[in-house]
Amino acid sequence: METESVYDLIREKIVRNDIRPGSKINIDALVRELGVSQTPVREALHHLEGDGLVERVRGRGYSTTALLDGTEFRHMFEVRMLLEPWSARVLSSDRMTNTGEDLVSLVDGFRASGNVSRTHLAMHDELFHKTLQRATGNSFLFTAFESLHAQLHLFRLYGDDIEGSDTLGEHFGVTLDEHRAIGEAIAQCDPNKAEERMRMHLTNSLKRFAPQMSDLSVDVAAVAAVPTGRIRLSR
């Protein structure tokens, strides 16, 4: 089995919380379960450390990282609100670098694939947003966005009972609809609409994930104020 496949399998276990947040990773157990040597497992864990999903402590080995806390959750969305609406606007303003049709095709292809797990949705969400950010041609912006690893962390917030649930089904539907609407606005070279749809998508995403964090609620007016103000969450 190639290292990339081992990486995908371990990443899925972490995103699904099959390996619990904050728990020590048993390399020997993964070797036995996956039927590989320690080398590809250790290489995969090294990549996952870069993703912010595992951490290595000298003398103790690898452990999965803890789930986002309320402050980290808020800070992540503040940064995304600063970066992503601007990116959508920039792409829709330049016909030469316009990736709107590619984004629409990406959404339609994923919808037709029939993949319905939270891991599949997290991977699609990550690919959609990274594709959009990369298309700006701004390497500083892309590096800043990539360092968030937003989708990998957000989808870990769901409980074990999310798979096959109505909640996940609804999340699938609205996320893909919102992604497609952003792609269409960019393809239409409509900067105002593209920026508005991206901001609405992030606001809706914030409201979808906030209840997974000890019943936090979202001050929507404060979200709309970014980048001039702070997102406010309350219990």
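Before reading further, recall that the structure is shown in the block above.
Residues numbered from 1 in each chain as written. Predicted model: local features only at pLDDT ≥ 70, side-chain atom pairs only at ≥ 80, totals over all residues. Heavy atoms only, no water.

1. A look at the overall build of the protein
Here comes step 1: A tally of regular secondary structure across the protein gives 11 helices and 4 strands.
Here comes step 2: Taken over 235 residues, the protein has a buried fraction of 46%.
Here comes step 3: Considering only contacts in the protein between residues 6 or more positions apart, those separated by 24 or more positions represent 71%.
Here comes step 4: For the protein, the exposed area adds up to about 11500 Å²; of that, 49% sits on carbon and sulfur atoms. (Helix = DSSP H or I, 4+ residues; strand = E, 2+ residues; numbered from the N terminus. Buried < 20%, exposed > 50% of the residue type's maximum accessible area, 1.4 Å probe, protein only. Contact = heavy atoms within 4.5 Å. Areas by Shrake-Rupley, 256 points an atom, 1.4 Å probe, with all protein chains shown as cover.)

2. Points about the pairing of strand 1 (residues 54–57)
Here comes step 1: Taken together, the 4 bridges between strand 1 and strand 2 (residues 61–64) define a ladder with antiparallel strand orientation. Bridging across to strand 2, Arg-56 finds its partner in Tyr-62.
Here comes step 2: In sequence, strand 1 turns back onto strand 2 through a hairpin of 3 residues, with Gly-59 there showing a positive phi of about 85 degrees. (Pairing = 2+ DSSP bridges.)

3. So, the pattern of salt bridges
Here comes step 1: Enumeration over the complete set of coordinates arrives at 12 salt bridges.
Here comes step 2: Between Arg-80 and Glu-84 there is a salt bridge, with the nearest N and O atoms lying 2.6 Å from each other. Of this pair, Arg-80 and Glu-84 both sit in helix 4 (residues 70–93), 4 residues apart, which is roughly one turn of the helix. The pair Arg-80 / Glu-84 is uniform in exposure class, with both members buried.
Here comes step 3: Across the pair Lys-130 and Glu-126 runs a salt bridge whose closest N-O atoms are separated by 3.4 Å. With Lys-130 and Glu-126 both in helix 6 (residues 118–135) and 4 residues apart, this pair spans about one turn of that helix. Each member of the pair, Lys-130 as well as Glu-126, carries the same accessibility label: buried.
Here comes step 4: Linked through salt bridges whose partners overlap, the residues forming this network are Asp-108, Arg-180 and Glu-184. (Salt bridge = Lys/Arg side-chain N within 4 Å of Asp/Glu carboxyl O.)

4. Section: the packing of helix 4 against helix 6
Here comes step 1: Running from N to C, helix 4 and helix 6 point in directions that differ by 65 degrees, and their axes come no closer than 9 Å. The way helix 4 lies across helix 6 gives a crossing that is left-handed. Within the contact between the two elements, helix 4 uses Arg-80, Glu-84, Ser-87, Ala-88 and Leu-91 and helix 6 uses His-129, Leu-132, Gln-133 and Ala-135.
Here comes step 2: Partitioning the contact of helix 4 with helix 6 into residue classes produces 4 nonpolar, 3 polar and 2 charged. (Axes fitted to C-alpha atoms, helices over the stretch in contact; angles between N-to-C directions. Left-handed = near helix turned anticlockwise from the far one by under 90°. Nonpolar A, V, L, I, M, F, W, Y, C, P; charged D, E, K, R; others polar.)

5. Here we look at the nonpolar core
Here comes step 1: Counting residues in each nonpolar core, the largest one holds 57 residues, and the members touching the most others are Ile-10, Val-41, Leu-45 and Phe-73.
Here comes step 2: Of the residues forming this core, the biggest block, 7 residues, is contributed by helix 4.
Here comes step 3: Look past the residues within four positions of Leu-45 in its chain and what remains in contact with it is Ile-10, Ile-25, Ile-27, Val-54 and Tyr-62. (Core = buried A, V, L, I, M, F, W, Y, C linked by side-chain atoms within 4.5 Å.)

6. Regarding helix 4
Here comes step 1: For helix 4, which comprises 24 residues, the first-to-last C-alpha distance of 35 Å matches the rise-based estimate of 34 Å (1.5 Å per residue) to within 8%.
Here comes step 2: Residue Met-81 marks the point of greatest curvature in helix 4, where the axis turns by about 25 degrees; the proline Pro-85 follows within four residues. (Expected span 1.5 Å × (residues − 1). Bend = angle between axes of the 7 residues up to and from the residue.)

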